[in-house]
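Chain by chain, the residues run as shown.
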Amino acid sequence: MKATAVAPANIAFIKYWGKSDSKTRIPHNSSISMNLSHVHSKCTVEFDPLLKQDDVGFVGEEIVKPKEIERIIVMLDRVRKFANKKLFALVKTRNNFPKATGIASSASGFAALSLAALTAIGKKLSGKELSIFARLSSGTACRSIPDGFVEWKKGTSSETSYAYELYSPDWWEICDVVVVVSKKMKKVSTTEGHRLADTSPFYQARLAVMNEKISQLKKYMYNRNFSSFGKLIEEDALNMHAICLTSTPALIYWEPKTIEIMKQIIEWRESKEVESYFTIDAGPSVHVICEKKNVNQIQEKLKDVSGIQQVIVNSSSIGARLSDKHLF
Ligand code: PMV
């Protein structure tokens with residue numbers, strides 16, 4: 001009754017921001033993302049008849065909020081109910097990147113936990129079912145289940161809101177150079193951020209164009225049109241942050257360094273030095289999206305920017321998978 005799974009974090013090109021149902025995490029709009037090759041979570045789950053309660057831990061992390069543990073236990077309860085078994089579990093998770101800084105740790109964490117826990121308790125789900133199961137704990141986790149480039153169809157109910165593979169990882173050689181500018185955990189969770197989205201006077205205007213944006217982006221991806229793709233993803237990131245900035249209370253996820261790097265990226269592009277585009281999730285990290293052939297040049301350029309904490313280069317990756325190397 002023991003299983004281990006590894007799942008990638010993902011970066012959204014068209015962002016999910018705001019839910020139409022907060023309990024089942026059904027989003028107001030569909031979203032598109034890429035799974036990341038070098039930022040992932042590994043999770044081992046063992047259900048043990050001798051345990052009197054769940055025992056949940058994070059490997060190598062000193063600060064773990066009680067809320068994080070609670071959220072994991074809620075998922076374990078869902079797994080137990082689904083399998084109709086009253087067994088407690090020992091759970092260990094290891095992230096290979098800093099948590100809650102704008103790299104989706106809840107996505108990789110809950111995708112890995114879903115696959116590991118369901119396998120450990122003896123349940124095998126289809127990719128679609130697993131994506132739905134992961135979504136119930138963290139919206140973006142549903143996008144870390146399939147391989148490569150992914151669309152999360154918002155759907156109209158829990159059964160129809162899931163992510164599927166648009167293109168395999170080798171469809172397009174584009175990279176996400178993640179620039180971590182602060183390792184401090186963000187103060188406002190994304191759960192809270194989603195809840196505030198419709199307090200922005202601009203939120204309805206955002207939603208009105210989302211379907212069009214999604215179909216445009218899919219076209220650019222199909223044609224591997226990097227310039228049009230880049231412009232659109234940068235615009236969508238700014239649009240999402242405009243919602244955050246104009247919510248009540250306002251959410252400002254950026255640090256001064258975030259803005260400095262955004263401006264650098266625009267300058268490299270306008271001066272025709274190197275073409276790349278930024279996208280930013282709910283945190284200060286900047287994701288520099290570029291073609292693989294330009295990764296070295298971007299890394300070199302980033303060396304001239306002071307105060308960067310870490311740079312992680314990612315290509316497109318497969319989604320959640322089982323591993324036979326357990327954490328305990
Ligand atoms: O962490 P979640 O699943 O509550 O949502 C975060 C959403 C963003 O990362 C900000 C955007 C996205 O689509 O990934």
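This section reports on the structure supplied with the text.

Cut-offs used in this document
Residues numbered from 1 in each chain as written. Predicted model: local features only at pLDDT ≥ 70, side-chain atom pairs only at ≥ 80, totals over all residues. Heavy atoms only, no water. Helix = DSSP H or I, 4+ residues; strand = E, 2+ residues; numbered from the N terminus. Buried < 20%, exposed > 50% of the residue type's maximum accessible area, 1.4 Å probe, protein only. Contact = heavy atoms within 4.5 Å. Areas by Shrake-Rupley, 256 points an atom, 1.4 Å probe, with all protein chains shown as cover. Lys, Arg positive; Asp, Glu negative; His and termini not counted. Charge placed at Lys NZ, Arg CZ, Asp CG, Glu CD. Core = buried A, V, L, I, M, F, W, Y, C linked by side-chain atoms within 4.5 Å. Pairing = 2+ DSSP bridges. Polar contact = N/O pair within 3.5 Å; in protein donor to acceptor, adjacent residues only side chain to side chain.

A look at the overall build of the protein chain
Phase 1: Within the protein chain one finds nine helices and 13 strands.
Phase 2: Projected onto the principal axes, the alpha-carbon positions of the protein chain cover approximately 65 × 40 × 40 Å.
Phase 3: Classification of the 328 residues of the protein chain by burial places 54% in the buried group.
Phase 4: In the protein chain, the share of contacts with a sequence separation of at least 24, taken over all contacts with a separation of at least 6, comes to 77%.
Phase 5: As displayed, the protein chain offers around 14600 Å² of accessible surface, 52% of which is attributable to carbon and sulfur atoms.
Phase 6: Measuring between centres, the 46 positive side-chain charges of the protein chain sit 4 Å from its 35 negative side-chain charges.

Some words on the nonpolar core
Phase 1: Of all hydrophobic cores here, the largest spans 58 residues; its most connected members are F13, W17, F149, L217 and F229.
Phase 2: The element best represented in this core is helix α7 (residues 226-245), accounting for seven residues.
Phase 3: Among all residues touching F13, those that are not within four sequence positions of it are I32, S33, M34, F149, I174, L217, F229, I233, D236 and I289.
Phase 4: Among the nonpolar cores identified, the runner-up in size contains 33 residues, and A7, V56, I72 and A83 belong to it.

Comments concerning the pairing of strand β1 (residues 2-14)
Phase 1: With 12 of its 13 residues buried, β1 lies for the most part within the structure.
Phase 2: Bridge analysis of β1 against strand β4 (residues 31-48) gives 11 bridges, and the strand direction is antiparallel. Counted as the bridge partner of I11 is M34 from β4.
Phase 3: Note: β1 against strand β13 (residues 321-323), three bridges, orientation antiparallel. The residue of β13 that forms the bridge with A5 is L322.

Some details on the side chain of K213
Phase 1: For K213, the location among the structural elements is in helix α6 (residues 210-222).
Phase 2: Judged by relative accessible area, K213 falls into the buried class, the value being 6%.
Phase 3: Setting aside anything within four residues of it in sequence, one finds K213 in contact with I14, R206, L232, E235, D236 and N239.

Observations regarding the pairing of strand β11 (residues 286-291)
Phase 1: For β11, a buried count of six out of six residues is recorded, marking the element as mostly surrounded by other parts of the structure.
Phase 2: Pairing analysis gives four bridges linking strand β10 (residues 276-279) to β11, with the strands arranged antiparallel. Bridged to F278 within β11 is V288.
Phase 3: Here β10 folds back onto β11 in antiparallel fashion, the turn holding six residues.

Structural notes on the environment of E192
Phase 1: For E192, the location among the structural elements is in helix α4 (residues 190-196).
Phase 2: One polar contact links E192 to R195, side chain to side chain, over a distance of 2.8 Å.

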